Amino acid sequence: MGMNWGMSWSDWNWADLPAFLWMLFLWFAYGRFADKLPPDDVAPANLNQMMHQLRRLWMRRMLDRPERILDSSLTGHQVSSTTFFASTSMLIIAGLLGVLGKAAAANAVIQSLGFAVVSSELLFELKILGLIGLFMVGFYKFTWALRQFNFACTLIGAAPLPPVDAKRREKFADHAARVMSLAVVSFNGGIRSYYFAMAWLCWFIHPLAFAVGTSAVVLVLWKRQVKSRSQASVAEFYDATER
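Here goes a summary of the coordinates provided. Bear in mind that the values here come from a model prediction, so they are computed numbers and not experimental data. (Residues numbered from 1 in each chain as written. Predicted model: local features only at pLDDT ≥ 70, side-chain atom pairs only at ≥ 80, totals over all residues. Heavy atoms only, no water.)

Thoughts on the overall build of the protein
Filter applied, for reference: Helix and strand assignments follow DSSP, with helices taken as H or I runs no shorter than four residues and strands as E runs no shorter than two, numbered in order from the N terminus. Using a 1.4 Å probe on the protein chains alone, a residue whose accessible area is under 20% of its type maximum counts as buried, one over 50% counts as exposed, and one in between counts as partly exposed.
Helix and strand counts for the protein stand at 8 helices and 0 strands. Seen in sequence order, the protein has helices and strands lined up from the N terminus as α-α-α-α-α-α-α-α. Seen along its three principal axes, the alpha-carbon backbone of the protein occupies a region of about 70 × 30 × 25 Å. For the protein, the proportion of its 243 residues judged to be buried stands at 42%.

What to know about the pattern of salt bridges
Inclusion rule: Salt bridges are counted wherever a side-chain nitrogen of Lys or Arg sits within 4 Å of a carboxyl oxygen of Asp or Glu.
Scanning the model with the defined rule gives 6 salt bridges in all. Of the charged contacts, one joins Arg65 and Asp71 as a salt bridge, the two residues approaching to 2.4 Å between their closest N and O atoms. Looking at Arg65, the relative accessible area reads 27%, which means it is partly exposed. Salt bridges linked by common partners bring Arg56, Arg60, Glu170 and Asp174 together as one network.

Notes on the environment of Gly31
Rules: Here, residues are in contact when the closest pair of their heavy atoms is within 4.5 Å.
Within the secondary structure, Gly31 sits in helix H1 (residues 16-35). Discounting residues that sit within four places of it in the chain, Gly31 has contacts with Leu26, Lys36 and Arg192.

A word on the nonpolar core
Filter applied, for reference: To qualify as a nonpolar core, a set must consist of buried Ala, Val, Leu, Ile, Met, Phe, Trp, Tyr and Cys residues joined through side-chain atoms within 4.5 Å.
Within the largest apolar cluster, 49 residues are counted, with the highest numbers of intra-cluster contacts made by Met59, Met62, Leu131, Phe135, Phe149, Phe172 and Trp200. Going through the elements one at a time, H1, helix H2 (47-62), helix H3 (69-101), helix H5 (121-158), helix H6 (166-201) and helix H7 (207-226) are the ones with two or more residues in this core. With 14 residues, H6 is the largest single contributor of residues to this core. Sequence-distant contacts of Phe172, that is, excluding residues within four places in its chain, are made with Met59, Met62, Leu63, Leu155, Ala159 and Pro160. In terms of nonpolar packing, the next biggest core, distinct from the first, is built from 7 residues, Leu47, Leu54, Ala235 and Tyr238 among them.

Examining H1
Condition: A helix's residues, less one, multiplied by 1.5 Å, set its expected span. Along the arc lie the directions from the helix axis toward the C-beta atoms.
For H1, built from 20 residues, the straight-helix expectation of 28 Å at 1.5 Å per residue is met to within 8% by its first-to-last C-alpha distance of 28 Å. For H1, the complete set of buried residues consists of Asp16, Ala19, Met23, Leu26, Trp27, Tyr30, Gly31 and Ala34. For H1, the arc enclosing every buried residue in end-on projection is 125 degrees, short of the 170-degree limit, so these residues lie on one face. Exposed positions of H1 whose direction lies more than 90 degrees from the buried face are Phe25, Phe28 and Arg32. If you follow the buried residues of H1, they end up packed against H2, H5, H6 and H7.

Here's the deal with the side chain of Arg68
Keep this limit in mind: The definition of a polar contact used here is a pair of N or O atoms within 3.5 Å, where within protein one atom must be able to donate a hydrogen and the other to accept one, and adjacent residues in sequence count solely through side-chain atom pairs.
By the secondary structure assignment, Arg68 is in the loop between H2 and H3. Here the side chain of Arg68 touches Ala159 through a polar contact of 3.3 Å, landing on its backbone oxygen. Here Arg68 is in contact with Met62, Leu63, Ile156, Ala159, Pro160, Leu161 and Pro162, once residues within four sequence places are set aside.

Here we look at the packing of aromatic side chains
Note the threshold: Aromatic pairs are defined between Phe, Tyr and Trp rings, using the six-membered ring for Trp, whenever the two ring centres lie within 6.5 Å; interplanar angles under 30 degrees are classed as stacked, those over 60 as edge-to-face, and all others as tilted.
Per the stated rule, a full pass over the model turns up 18 aromatic pairs. Here the aromatic rings of Phe85 and Phe187 are separated by 5.8 Å at their centres, their planes lie at 80 degrees, and the arrangement is edge-to-face. Here Phe187 lies in helix H6 and Phe85 lies in helix H3, a separation of 102 residues in the sequence. Overall, Phe85 belongs to the partly exposed group, its relative accessible area being 22%. Ring centres 5.9 Å apart and planes at 90 degrees place the aromatic pair Phe85 and Tyr194 in the edge-to-face group. Here Phe85, found in helix H3, pairs with Tyr194, found in helix H6; they are 109 residues apart in sequence, far enough to count as distant. Chaining the aromatic ring pairs together yields one cluster made of Phe84, Phe85, Phe135, Phe142, Phe187 and Tyr194.

Right under this line is the structure:
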């Protein structure tokens, strides 16, 4: 690879650092909004929080069923999806490492595009490393989600058989739903790294395109959480169950 770390300010566009800091800010700000699980006595503020409360309802209803084959199958589907994304992340990382080994040729291809900003080879390599970092975050999120879904499977298998008294029922539903929701939070974090990776690709064109792309990604994710048709349907069902 022969990376030369003697980087000068001439290698940077004036907007590179602000665009990168903007991405970091939106990454953490949106994560705080989307991943926070609400207390039981607080109304959910977004789709993820409503789904957490509905998982509590799911766990309560599961305790009424002597057979939990359906519940195990639904959880197993999540495990399969998570495994797929974890494996895909590793393949993408391997591909990007190959690009890093041919950084000069890859950079020349990007530079041949008339709308792409001129970038030094070192800055190009740093952008590839950042992209690898995003997919590494995704890989670790997916593998942690996989382990937590396995924990949830164990809780389902160990769930008490009916009849279950009200206090024990609520306690189990709270703990099982929280473990499952934490697994989903990790899974969502992995998916989010894919979305931000799409915005990161805009950096190869121009840092301002990177900033706009990141903003667009967060706007899409936010809209799906609070203004989408899926959110409205789930909210209507959630309101009906709370009456």
